[in-house]
There are 2 protein chains.
Amino acid sequence: MLNGQKERNAPIRRAKRVTISDVSNALGLTKGTVSRALNGYPDISDSTRNRVRRVSEKMGYQPLSHAQAIKTGRTRSLGLVLQFGDHDSHRPFLADFLSGISHGASQENWTVTVATADSDGDTLKTVQQLLDERKADGFILPRTMTDDPRVRLLRDASAPFVLYGRTRDTTDCAWFDILGEDAMHDAVLRLAKQGHERIAFVNGGSEYYYSVLRLQGMLQGLKEAGITPDPDLIATDAVRPEDGAAATRQMLRLANPPTAFVFAVDMAALGLYQVAAEYGLAVGSDLSVIAYDGVPEGAFATPALTTFSVDSRQAGERLAALLIRRVRGEAVQNLRETANATLVERGSDGPPTMTSNHLVRVVSAHSKKSEYPKGGTK
Amino acid sequence: MLNGQKERNAPIRRAKRVTISDVSNALGLTKGTVSRALNGYPDISDSTRNRVRRVSEKMGYQPLSHAQAIKTGRTRSLGLVLQFGDHDSHRPFLADFLSGISHGASQENWTVTVATADSDGDTLKTVQQLLDERKADGFILPRTMTDDPRVRLLRDASAPFVLYGRTRDTTDCAWFDILGEDAMHDAVLRLAKQGHERIAFVNGGSEYYYSVLRLQGMLQGLKEAGITPDPDLIATDAVRPEDGAAATRQMLRLANPPTAFVFAVDMAALGLYQVAAEYGLAVGSDLSVIAYDGVPEGAFATPALTTFSVDSRQAGERLAALLIRRVRGEAVQNLRETANATLVERGSDGPPTMTSNHLVRVVSAHSKKSEYPKGGTK
DNA sequence: ACTGTTGCCGAAACCGGTTTCGGAACCAAC
DNA sequence: GTTGGTTCCGAAACCGGTTTCGGCAACAGT
């Protein structure tokens, strides 16, 4: 679609910039020479190069990125396509994440172009468009899936990108990721040490690769704690409170319910609180829960949610740095970093106050009771 | 600072685009003519113009914004500089807000460039830089202050901008805003109707213009309810839970404490919950509270916070549309829109269970008691 | 029939950079 | 004193558009 007809624009009066010609005139050189000097071409003598650098710095010369782009195709801007859909995904971290990206970008005098989409297809379309319009030189891909169509698209277009998260096929992939598997592992061991023997795991969206990893970490933790995994105590695809509540409810109705829960996602874990209230169970004693993400909402729950918090700002900053290096041609093998989530100990976990056997009686008692009155939360 | 030397770039293989020359060749016209035809110059015959439009559409021609920018100075991108500082400001709404902006921008084939800053000075510097580098044709200014330096900067540079919020000096200002004053007014009347007679108001950051407006709305509400305002029941600069807690605590210790609170900011209102727990007061009955913003955290408090929710996505979308029209030269007088917040009735308000006199006894009893044990929240 | 207008388009300059190409100057070697 | 090879810079083309200017053809006026 062409942008319509009579789009007559108002003039923007802006301070006139110092151009490369200004610099070259001041130096008595041609603009071609100045350009080559500044861009590190080898056929410029050191003395001239230094002279050019000094003068252009003094004159405050800054090349106009879109003027360079016309020849180079590069804009010095990184693209970020956020997909907001059904569940709130990265909503809570967004501010920090963006702040980190922007900070990392501006370090190198780059900018950030963001766009949003509301479906996978929409996201791909948007990425493609940004690429076509040269509005982004490369992309940061948050929330990577096990098999990610964005990766396929960009790989095929041989356009630079960097993942926030990992993925199955790592060909051409650079990434930054938090070791969620380690966090899950630690969470299980912590609960086991507190005396829990029935530990449930409620995983996040199964399309995301982090789910694969976190499950692995959890299972490894169980193994080290000497607990045999029980398939009934593993749920998937819980990302919203409702999902978490459903999973919790189902597991509590087992003949041998868990006394502790590990959630792969904070927001899902918040659903447990609601179910606990329904059954009259105290979170942090009757029922323990540890989750992952560090969303602000967790701090406002009572008791506050023990969680593994990720530093989204750092993630953003590292991703920006990595992507810039990627655009500049560095090999992906050098561009893979990880970091750890940090445990925030709060009040939602602790030694169990009842055994699984005791718990099952409380739950069933409540179930019978609530068949008559319309079981309220209060 | 010049971007260093040997920044040798990797080639990006990208689908080759159809350029204006391709189109002009196909038509047997010069590229100048094609350009003028597409951009609505009057010296092109209707028949030619239509022919050009048809063919370029069929060929999928899309002008490269940075190629146009080199001559026009415009990139078709709107700038958004987010300031994250001390308190979390727009953190919770950011996702929706961005989504709205991005959506509004892409409607007209524009893009969004975002940057972040962590102080007022930093923000101004960033805006200036984006302007200098032509990375943004105009700016969306969220959280406008009564006297906003960003407005002064952009006004002086005669660069287009649009406010999210209003400000004192409206010269050259276009805006979109939510009528927070109406919300505050309605909140007061609602509480008054429930039977409250002592109604406190805890305002937000006093540098923001919304505080001026919301206070006005609140006072108007009191007036209509026939309640004389009490200066002791008005606090300011509460934007975080701690701030709200402090204000609440102070007012509860008055000889004649309020039974209801209106908060200008949700996050501050969450602090009241903590203080209520300290004093053993039940929110929603012993103490009523209504706030404003609609942050997700409010839904997770118990009881859930009654609040006036703002549609940030809509705000973003409208702002983008307004800014684009502004860049295209439309007069600011046509570019001023407002909308209303919508009341979300939840459990944090209701008829008072005690009079102010009764309340004061509960509070003082608790104060004495808590001098001995180390007063815990639990 | 001669002269102004007007409508419409081509030609060419321009925007601010990058990149290719060629040649002048200098040096060393034979 | 040629020749050959480097080193280093100027000249000019180029990128993909926009905008100014001028001129040709058609039309109207007298």
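Note: the structure precedes this text.
Overview of the structure. All of these numbers come straight from a predicted model, not from anything done at the bench. (Residues numbered from 1 in each chain as written. Chains lettered and ligands numbered in written order. Predicted model: local features only at pLDDT ≥ 70, side-chain atom pairs only at ≥ 80, totals over all residues. Heavy atoms only, no water.)

Some points on the sheet that holds strand S12 (residues 342-344) of chain B
Residues and elements named next belong to chain B.
(1) Moving on: One open sheet holds the six strands; their spatial order is S7-S6-S8-S9-S10-S12, and the pairing between them is mixed. Two strands bound the open sheet, and with one partner strand each, they are strand S7 (234-235) and S12.
(2) Moving on: In this fold helix H8 (residues 180-194) packs onto strand S6 (199-202), strand S8 (260-263), strand S9 (288-293), strand S10 (306-309) and S12, with an angle of close to 165° to the strand it touches most, S9.
(3) Moving on: Its contacts with the sheet put helix H11 (residues 266-279) on S8, S9 and S10, and the angle it makes with S9 is roughly 155°. (Pairing = 2+ DSSP bridges. Helix = DSSP H or I, 4+ residues; strand = E, 2+ residues; numbered from the N terminus. Contact = heavy atoms within 4.5 Å. Axes fitted to C-alpha atoms, helices over the stretch in contact; angles between N-to-C directions.)

Re the protein's contact with DNA strand D
(1) Moving on: Around DNA strand D there are 29 residues in total, and Thr 48 of chain A together with Ile 20, Lys 31, Ser 35 and Tyr 41 of chain B lie nearest to it.
(2) Moving on: In this structure, Tyr 61 of chain B approaches DNA strand D through a side-chain N or O atom, which is 2.8 Å from a sugar or linking oxygen.
(3) Moving on: Within the side chain of Gln 68 of chain B, one N or O atom sits 2.7 Å away from a phosphate oxygen of DNA strand D.
(4) Moving on: Of all elements in the fold, only helix H2 (31-38) and helix H4 (65-72) of chain A together with helix H2 (31-38) and helix H4 (65-72) of chain B reach the threshold of two or more residues within the surface near DNA strand D. (Near = heavy atom within 4 Å. Polar contact = N/O pair within 3.5 Å; in protein donor to acceptor, adjacent residues only side chain to side chain.)

Regarding the pattern of salt bridges
(1) Moving on: Across all of its chains, the model carries 34 salt bridges over all chains by this definition.
(2) Moving on: For Arg 198 of chain B, the salt bridge is made with Asp 230 of chain B, and the minimal N-O distance between the two is 3.0 Å. Of this pair, Arg 198 of chain B sits in the loop between H8 and S6 while Asp 230 of chain B sits in the loop between helix H9 (209-225) and S7; the two residues are 32 residues apart in sequence, bridging distant segments of the chain.
(3) Moving on: Residue classification places Arg 198 of chain B among the buried residues on the basis of a relative accessible area of 17%.
(4) Moving on: Here the residues in one salt-bridge network are Arg 166, Asp 177 and Glu 181 of chain A, joined through shared partners. (Salt bridge = Lys/Arg side-chain N within 4 Å of Asp/Glu carboxyl O. Buried < 20%, exposed > 50% of the residue type's maximum accessible area, 1.4 Å probe, protein only.)

Describing the side chain of Thr 307 of chain B
Residue and element names in this part refer to chain B.
(1) Moving on: Within the secondary structure, Thr 307 is located in strand S10.
(2) Moving on: For Thr 307, a relative accessible area of 1% translates into the label buried.
(3) Moving on: Apart from residues no more than four positions distant in its own chain, Thr 307 is found in contact with Asp 266, Ala 291, Tyr 292, Asp 293, Gly 294, Thr 342, Leu 343, Val 344 and Arg 346.

Regarding the relation of the copies chain A and chain B
Here the second copy of the chain follows from the first by a rotation about an axis and a shift along it.
(1) Moving on: Placing chain A over chain B gives an RMSD of 0.1 Å and needs a rotation angle of 180°, together with 0.0 Å of translation along the axis. Expressed as an axis order, the relation between the two copies is that of a two-fold axis.
(2) Moving on: Residue by residue, 100% of the interface of chain A is reproduced at the interface of chain B, so both copies engage with the same surface. (Least-squares fit on C-alpha atoms with pLDDT ≥ 70 in both.)

Let's talk about the side chain of Arg 190 of chain A
All names here are of chain A.
(1) Moving on: Note that Arg 190 resides in helix H8 (residues 180-193).
(2) Moving on: At 2.7 Å, the side chain of Arg 190 and the side chain of Asp 349 are in polar contact.
(3) Moving on: Setting aside residues no more than four positions away along its own chain, Arg 190 makes contact with Ile 290, Thr 306, Leu 343, Glu 345 and Asp 349.

Digging into the protein's contact with DNA strand C
(1) Moving on: Not every one of the 29 residues close to DNA strand C is listed here, only the nearest: Ile 20, Lys 31, Ser 35 and Tyr 41 of chain A together with Thr 48 of chain B.
(2) Moving on: When atoms of DNA strand C within 4 Å of the protein are split into backbone and base, the sugar-phosphate part holds 53%.
(3) Moving on: Contact distances for DNA strand C include 2.6 Å between a phosphate oxygen and a backbone N or O atom of Ile 20 of chain A.
(4) Moving on: Between DNA strand C and Thr 33 of chain B, the relevant distance is 2.7 Å, taken from a phosphate oxygen to a side-chain nitrogen or oxygen of the residue.

A closer look at unusual backbone geometry
(1) Moving on: The step from Thr 302 of chain A to Pro 303 of chain A runs through a cis peptide bond, and the omega angle for that step is -5°.
(2) Moving on: With respect to the helices and strands, the residue Pro 303 of chain A is situated in the loop between helix H12 (296-300) and strand S10 (306-309).
(3) Moving on: Unlike most non-glycine residues, Arg 143 of chain A shows phi in positive territory, near 55°.
(4) Moving on: Here Arg 143 of chain A lies in the loop between strand S3 (138-142) and helix H7 (149-156).
(5) Moving on: Judged by relative accessible area, Arg 143 of chain A falls into the partly exposed class, the value being 22%.
(6) Moving on: In this structure, Asp 237 of chain B takes a positive phi of about 60° despite not being glycine.
(7) Moving on: Take Asp 237 of chain B: it is sitting in the loop between S7 and helix H10 (241-252).

A few points about the pairing of strand S3 (residues 138-142) of chain B
In regular strands, side chains alternate between the two faces of the sheet.
Residues and elements named next belong to chain B.
(1) Moving on: Where burial is concerned, most of S3 is hidden: five out of the five residues are buried.
(2) Moving on: Of the two faces of S3, the one lined by Gly 138, Ile 140 and Pro 142 and the one lined by Phe 139 and Leu 141 are each fully buried.
(3) Moving on: Of the strand pairs in this sheet, S3 and strand S4 (residues 161-164) are connected by four bridges, and their pairing is parallel. The partner of Phe 139 across the bridge, within S4, is Phe 161.
(4) Moving on: For the segment spanning S3, helix H7 (residues 149-156) and S4, crossover handedness is right-handed. (Right-handed = clockwise from strand over helix to strand, strands pointing away.)

Some points on the packing of aromatic side chains
(1) Moving on: Under the counting rule described, the total for this entry stands at eight aromatic pairs over all chains.
(2) Moving on: Measuring from centroid to centroid gives 5.1 Å for Phe 97 of chain B and Tyr 164 of chain B, while their planes differ by 20°, and the two rings are stacked. You can see Phe 97 of chain B sitting in helix H5 (residues 94-107) and its partner Tyr 164 of chain B sitting in strand S4, a full 67 residues away along the chain.
(3) Moving on: Given the relative accessible area of 5%, Phe 97 of chain B is considered buried.
(4) Moving on: Since its relative accessible area comes to 16%, Tyr 164 of chain B is described here as buried.
(5) Moving on: Ring geometry for Phe 261 of chain B against Phe 263 of chain B: centres 6.1 Å apart, planes inclined by 25°, an arrangement best described as stacked.
(6) Moving on: What links up through ring pairs into an aromatic cluster is the set Phe 97, Tyr 164 and Phe 176 of chain A. (Phe/Tyr/Trp six-rings, centres within 6.5 Å; stacked < 30°, edge-to-face > 60°.)

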